[in-house]
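Per-entry structural report
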Amino acid sequence: MATTLGHHQYGKAEIRLVRITRDGDTHHLKDLAVSVVLSGDMAEAHYSGSNANVLPTDTLKNTVYAFAQEHGVPSAEGFGILLARHFVTSRAPVHHARVRIEEYAWDRIATPGRGAHSFVRSGREVRTARVAFDGRKWEVLSGLRDLTVLNSTDSEFRGYAKDRYTTLEETDDRVLATSVTAVWRHADGDGRPEPDWDLSYERARGHLLGAFAGTYSRSLQQTLYRMGASVIDNLDGIDEIRLSLPNRHHVPVDLEPFGIENDTAEGAVYVAVDRPYGLIEATVLRAGAEPRIPVDPTR
Ligand SMILES: O=c1[nH]c(=O)c2[nH]c(=O)[nH]c2[nH]1
């Protein structure tokens, strides 16, 4: 044989699922996209075409819906753990399962006297969870994307390297805006009970926002480090966090041709430039922790 099969996996991507729970007149809603990836003893499907070890991806989809109804969706992480354990423990050829979940937030629409069953899709960020299980050990990565934040002052960018192509002016007061993608890794479970995933998420989010707002920034790099360090310093169970921060540049508009001053004590007008953007990415680790989050957190 002149060829051999390399790494292979399969699964069902982006299973869209809305779970409504009724508690009398008060209803609750979970809105998810679930992706399942399985790997193990499945080489024959590629070599000979034998599907004996291939549980159809259609079945993976059905299992996700069935589990959502039978077990509910306690939290993105909790649901992911339930599913990953099921696939690895119920089928011998499956050695490893990964479940990725995106969760979309909804707010209630106030309807006095009419029960609590109306919702409006929230402008909040997308919450993410990834669970990997190999039959023995868990790895849980929690995170978020599209958390868009802006500081209208307390940001400068000066003292940078310059060469013959540098045109950027130094600034001691600029707008700093970004859309945060973050992935953080929970310390190995080793038999401990699962944390309260929702509480852990809200705390991590709060520290990211607090550090963004509370840092006098000399660069987005410095702000990134403070944001990551604040999560690690304040949350015992989190050993590693990776942040991807696009620099959403806000450039003051030149209004001089119209005889209008555009940088006054009362404020200024900016172009919100969407492309190109600087992209600042880094991992922050608890001292001694091993880096395990992939370098590209979107993969
Ligand atoms: O915070 C910043 N970091 C950079 O590396 C950079 N580069 C740039 O042009 N502007 C900025 N801002």
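Since this is a predicted model, take the numbers as computed values, not measurements. (Residues numbered from 1 in each chain as written. Predicted model: local features only at pLDDT ≥ 70, side-chain atom pairs only at ≥ 80, totals over all residues. Heavy atoms only, no water.)

**So, the site of the ligand**
Our working definition: The criterion for a residue being near a molecule or strand is simple. One of its heavy atoms has to lie within 4 Å of it. Pairs of N or O atoms within 3.5 Å make up the polar contacts considered here, provided that, within protein, one atom can donate a hydrogen while the other can accept it, and that residues adjacent in sequence are counted only when both atoms are side-chain atoms. Per-residue and other accessible areas were derived by the Shrake-Rupley procedure at a 1.4 Å probe size, with only the shown protein chains allowed to occlude residues. Three residue categories are used. Nonpolar comprises Ala, Val, Leu, Ile, Met, Phe, Trp, Tyr, Cys and Pro, charged comprises Asp, Glu, Lys and Arg, and polar comprises the others, including Gly.
Neighbouring the ligand are Phe157, Leu168, Arg174, Ser219, Leu220, Gln221 and Asn247. At 2.8 Å from an oxygen atom of the ligand is found a side-chain nitrogen or oxygen belonging to Arg174. Note that a nitrogen atom of the ligand is positioned 2.9 Å from one of the side-chain N or O atoms of Gln221. Compared with its free state, where it exposes 290 Å², the ligand has 72% of that area covered by protein. Looking at side-chain class alone, the shell around the ligand contains three nonpolar, three polar and one charged residues.

**Regarding the packing of aromatic side chains**
Heads up, the condition is: Note on aromatic contacts: the rings of Phe and Tyr and the six-membered ring of Trp form a pair at centre separations within 6.5 Å, being stacked when their planes are under 30 degrees apart, edge-to-face when over 60 apart, and tilted otherwise. Think of it in three bands: residues with accessible area under 20% of the maximum for their type are buried, residues over 50% are exposed, and the middle band is partly exposed, with areas taken using a 1.4 Å probe on protein chains only. Two thresholds decide whether a charge sits over a ring: the Lys NZ or Arg CZ must be within 6 Å of the ring centre and within 35 degrees of the ring normal.
According to the stated counting rule, one finds three aromatic pairs in the structure shown. Aromatic side chains Phe133 and Trp138 sit 4.1 Å apart centroid to centroid with 20 degrees between the ring planes, which places their arrangement in the stacked category. For Trp138, a relative accessible area of 23% translates into the label partly exposed. Here the guanidinium or amino end of Arg127 rests over the ring plane of Tyr201, the centre of that ring lying 4.5 Å away. Over the ring of Tyr277 we find Arg248, and its NZ or CZ is 4.9 Å from the ring centre.

**A few points about the sheet that holds strand 6 (residues 126–133)**
Two strands in a sheet stick together by hydrogen bonds in their backbones, pointing the same way (parallel) or opposite ways (antiparallel). The criterion, for reference: Whether two strands pair depends on DSSP finding at least two bridges between them. Secondary structure follows DSSP: runs of H or I at least 4 residues long count as helices, runs of E at least 2 residues long count as strands, and numbering of each begins at the N terminus. An axis is simply a line fitted to the C-alpha atoms; with a helix, the fit covers only the stretch in contact. Between two such axes, the angle follows the N-to-C directions and lies from 0 to 180 degrees. Residue contacts follow a heavy-atom distance rule, with two residues in contact if any of their heavy atoms lie within 4.5 Å.
Spatially, the eight strands line up as an open sheet ordered 1-2-3-6-7-8-9-12, and their pairing is antiparallel. Of all strands in the sheet, those with a lone pairing partner are strand 1 (10–23) and strand 12 (278–285), marking the two edges. Across the sheet, the mean angle separating the axes of adjacent strands is 15 degrees when strand polarity is ignored. Taken together, the eight bridges between strand 9 (residues 238–247) and strand 12 define a ladder with antiparallel strand orientation. Across the sheet, residue Arg242 finds its bridge partner in strand 12, namely Thr283. Strands strand 1, strand 2 (26–40), strand 3 (94–104), strand 6 and strand 7 (138–151) of the sheet are contacted by helix 3 (residues 76–90), whose axis makes an angle of about 155 degrees with strand 3. Across the face of the sheet, helix 5 (residues 220–234) comes into contact with strand 8 (176–186), strand 9 and strand 12 while running at roughly 150 degrees to strand 9.

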